[in-house]
Amino acid sequence: MSRKSDLKKSRIKFNLKRYVFSGRYFVRNALIVMILLTVVAIGAVGFGLLSSMKEDGKQVIEEETPDDIHGDSVQDSVQDSQEDSKKTVSSLKPETPSMIMDISDASMEELKTIIEEEQTVDLTARNVSLLAGTRTDNYRGFLCIEDAVNVRAAADVNSEVVGKLYKGATGEVDQENDHAADSAWTKITSGDVTGYVATTYLVLGEAASLREDETIGMIGTTTGQNVCIRTAGSTDADLVYIAPLGTRMRIDQAEDADGWYHVQLADGTFGYVSSDYVSVEETGITAISADEIRAVTDWKEEQIRKEEEKKEEAMKADLYLLAAITYCEAGVEPYEGQLAVANVVLNRLHSGRYGSTLEDVIYAPYQFTGCKLSSFSWALQTGGSDSCLQAAREALEGKNNIGDCMFFRATWVADLDAIGDYTIIGTHVFY
């Protein structure tokens, strides 16, 4: 609930700054204040005149009433004075009687204080607005209307990329671009990024000021070290990125029922982050710096490099394992016989009947006796021989000289009549 309350408060603050205390609405706010002051002034004048007339009436009665005048005469004089006072006040009343207000001195002082404070706040907001160049009549802002727009160091497509603008990003147009809409490039500043953007991807000036709502978005910032960004809203999903503390990301979708945000990273890719490790703020969308982009891309490139290294290591391990069993089973055979033995092992692996890895196949019980020889350990380190290494490598690359045969044995013990289809290479029968 606290996060939703914070978001609600930030929205209220934004709307107050934008629609109440914004310099863009200075004329409107000034008119309201002037009307309010006029009403107060008329009320004060009317109240003062009414009080004065009452006092004058009392004085007239006291001066014109001698001791010997009867009570009826006194009453008549008072009534006459009151009638005259009413006529005088009536002649001074404005056309709208409701504008005369009965306000105490304390209320008047409080009202004046409120008006002065509002004027001060409004003028301060107006000054800030003018400094930021956000007045409607001299609006220097812009709105990016495309995704992943490059911000370059110079007005040239071949210049260095110093940042990126994503859809909805905003900022200020440099003063030297007073007529940016007429040029191919616009110099902008957005967040910490300053550079040149192709004008065709921007909305400028008054048109941009009318679309300011599009520049407000939800920005998340990681609150811990090594925050995992995943391919789905689950801790079992694959990693997209591991974000360090303080990493910014755009919240693409609101928090789901399981507490995950769908986010867009600096390099434009998407993922999911747990709401437990990110703070969210409603604010203006600004450019992503080249450093922020590089942090993500460098991490991803490092993961790719590590994966390739693992694959190379695994391939090397498989290569030497296949070469070692080939050496122990057919080390004295001709090269074609060594290639055939290596393919028998791979055919078994592809069949799935003997396991899902090369190790499973070679160490399967009662299959390859060569793995139990003392020379096998030595062959694992060296590959056995150059020809066995070559045979294993070519077999792994797809060279096959025995088709789908999965068995072999020495010719002097094989019952060829019982085997059926077979191929003899060297001293082995393959079937």
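Coordinates for the structure precede this section.
The sections below set out a description of the structure shown in this document.

Criteria and thresholds
- Residues numbered from 1 in each chain as written.
- Predicted model: local features only at pLDDT ≥ 70, side-chain atom pairs only at ≥ 80, totals over all residues.
- Heavy atoms only, no water.
- Helix = DSSP H or I, 4+ residues; strand = E, 2+ residues; numbered from the N terminus.
- Contact = heavy atoms within 4.5 Å.
- Areas by Shrake-Rupley, 256 points an atom, 1.4 Å probe, with all protein chains shown as cover.
- Buried < 20%, exposed > 50% of the residue type's maximum accessible area, 1.4 Å probe, protein only.
- Pairing = 2+ DSSP bridges.
- Salt bridge = Lys/Arg side-chain N within 4 Å of Asp/Glu carboxyl O.
- Polar contact = N/O pair within 3.5 Å; in protein donor to acceptor, adjacent residues only side chain to side chain.
- Core = buried A, V, L, I, M, F, W, Y, C linked by side-chain atoms within 4.5 Å.
- Expected span 1.5 Å × (residues − 1).
- Axes fitted to C-alpha atoms, helices over the stretch in contact; angles between N-to-C directions.
- Phe/Tyr/Trp six-rings, centres within 6.5 Å; stacked < 30°, edge-to-face > 60°.
- Lys NZ or Arg CZ within 6 Å of the ring centre and 35° of its normal.

1. A short note on the overall build of the protein
If you tally the helices and strands in the protein, you get eleven helices and 18 strands. For the protein, long-range pairs separated by at least 24 residues make up 61% of all intrachain contacts whose partners lie at least 6 apart in sequence. Total accessible area on the protein stands at roughly 25700 Å², and carbon and sulfur atoms take up 52% of it.

2. Quick look at the pairing of strand 6 (residues 193–198)
Within strand 6, five of the six residues are buried, leaving the element largely enclosed by the surrounding structure. Taken together, the six bridges between strand 5 (residues 185–190) and strand 6 define a ladder with antiparallel strand orientation. Its bridge partner being in strand 6, Ser190 is matched across the sheet by Val193. Where strand 5 folds back on strand 6, the antiparallel hairpin that results is connected by two residues, among which Gly191 adopts a positive phi of roughly 65°.

3. So, the pattern of salt bridges
In total, this model carries eight salt bridges according to the counting rule given. Linking Arg305 and Glu302 is a salt bridge whose minimum nitrogen-to-oxygen distance equals 2.3 Å. Of this pair, Arg305 and Glu302 both sit in helix 6 (residues 290–330), three residues apart, which is roughly one turn of the helix. We classify Glu302 as partly exposed; its relative accessible area is 29%. Glu309 is the partner of Arg305 in a salt bridge, and the nearest nitrogen-oxygen pair spans 2.3 Å. With Arg305 and Glu309 both in helix 6, this residue pair falls four residues apart, about one helical turn.

4. Quick word on the side chain of Thr222
As for its placement among the helices and strands, Thr222 is situated in strand 8 (residues 216–222). A relative accessible area of 3% places Thr222 in the buried class. Within polar-contact distance, the side chain of Thr222 engages the backbone nitrogen of Gly246 at 2.9 Å. Here Thr247 takes part through its backbone nitrogen, which lies 2.8 Å from a polar atom of the side chain of Thr222. Apart from residues lying up to four places away in sequence, Thr222 is in contact with Val227, Ala243, Pro244, Leu245, Gly246, Thr247, Met249, Tyr277 and Val278.

5. Description of the nonpolar core
Leu322, Ile325, Val345, Ile362, Phe376 and Phe430 are the most contacted members of the largest nonpolar core, which totals 32 residues. Contributions of two or more residues to this core are made by helix 6, helix 7 (335–351), helix 8 (358–362), helix 9 (375–382) and helix 10 (386–396). Core analysis: the next-biggest nonpolar cluster, separate from the first, contains 19 residues, Met249, Ile251, Val273 and Trp299 among them.

6. Some remarks on helix 7
Over its 17 residues, helix 7 runs 24 Å from end to end, which matches the ideal 24 Å to within 8%, given 1.5 Å per residue. For helix 7, the tally of buried residues reaches twelve of 17 residues, placing the bulk of the element in the interior. Buried within helix 7 we find Gly337, Gln338, Leu339, Ala340, Val341, Ala342, Asn343, Val344, Val345, Leu346, Asn347 and Arg348. Buried positions along helix 7 lie against helix 6, helix 8, helix 10, strand 16 (408–410), strand 17 (423–425) and strand 18 (428–430). Taken from the residues just after helix 7, Gly352 is the one with a positive phi, measuring 80°.

7. Brief notes about the sheet that holds strand 18
Taken in spatial order, the three strands make up an open sheet running 16-18-17, and their pairing is antiparallel. In the strand order of this sheet, the two ends are held by strand 16 and strand 17, each with one partner. Geometrically, the sheet is characterised by an average inter-axis angle of 30° between neighbouring strands, direction not taken into account. Where strand 17 meets strand 18, three bridges bridge the pair, whose relative direction is antiparallel.

8. What to know about the packing of aromatic side chains
Under the definition given, this model contains five aromatic pairs. Ring geometry for Tyr241 versus Trp299: centroids 5.4 Å apart, planes at 85°, classification edge-to-face. Placement of the pair is Tyr241 in strand 10 (residues 239–243) and Trp299 in helix 6, with a sequence separation of 58 residues. Judged by relative accessible area, Tyr241 falls into the buried class, the value being 3%. Using a relative accessible area of 19% as the deciding quantity, one classes Trp299 as buried. With centroids separated by 5.6 Å and ring planes inclined at 35°, the aromatic side chains of Phe408 and Phe430 adopt a geometry described as tilted. Of this pair, Phe408 sits in strand 16 while Phe430 sits in strand 18, placing them 22 residues apart in sequence. You'll find Phe408 and Phe430 in the same group, each marked buried. Arg348 extends its terminal NZ or CZ atom over the ring of Tyr354, reaching a point 4.6 Å from the ring centre.

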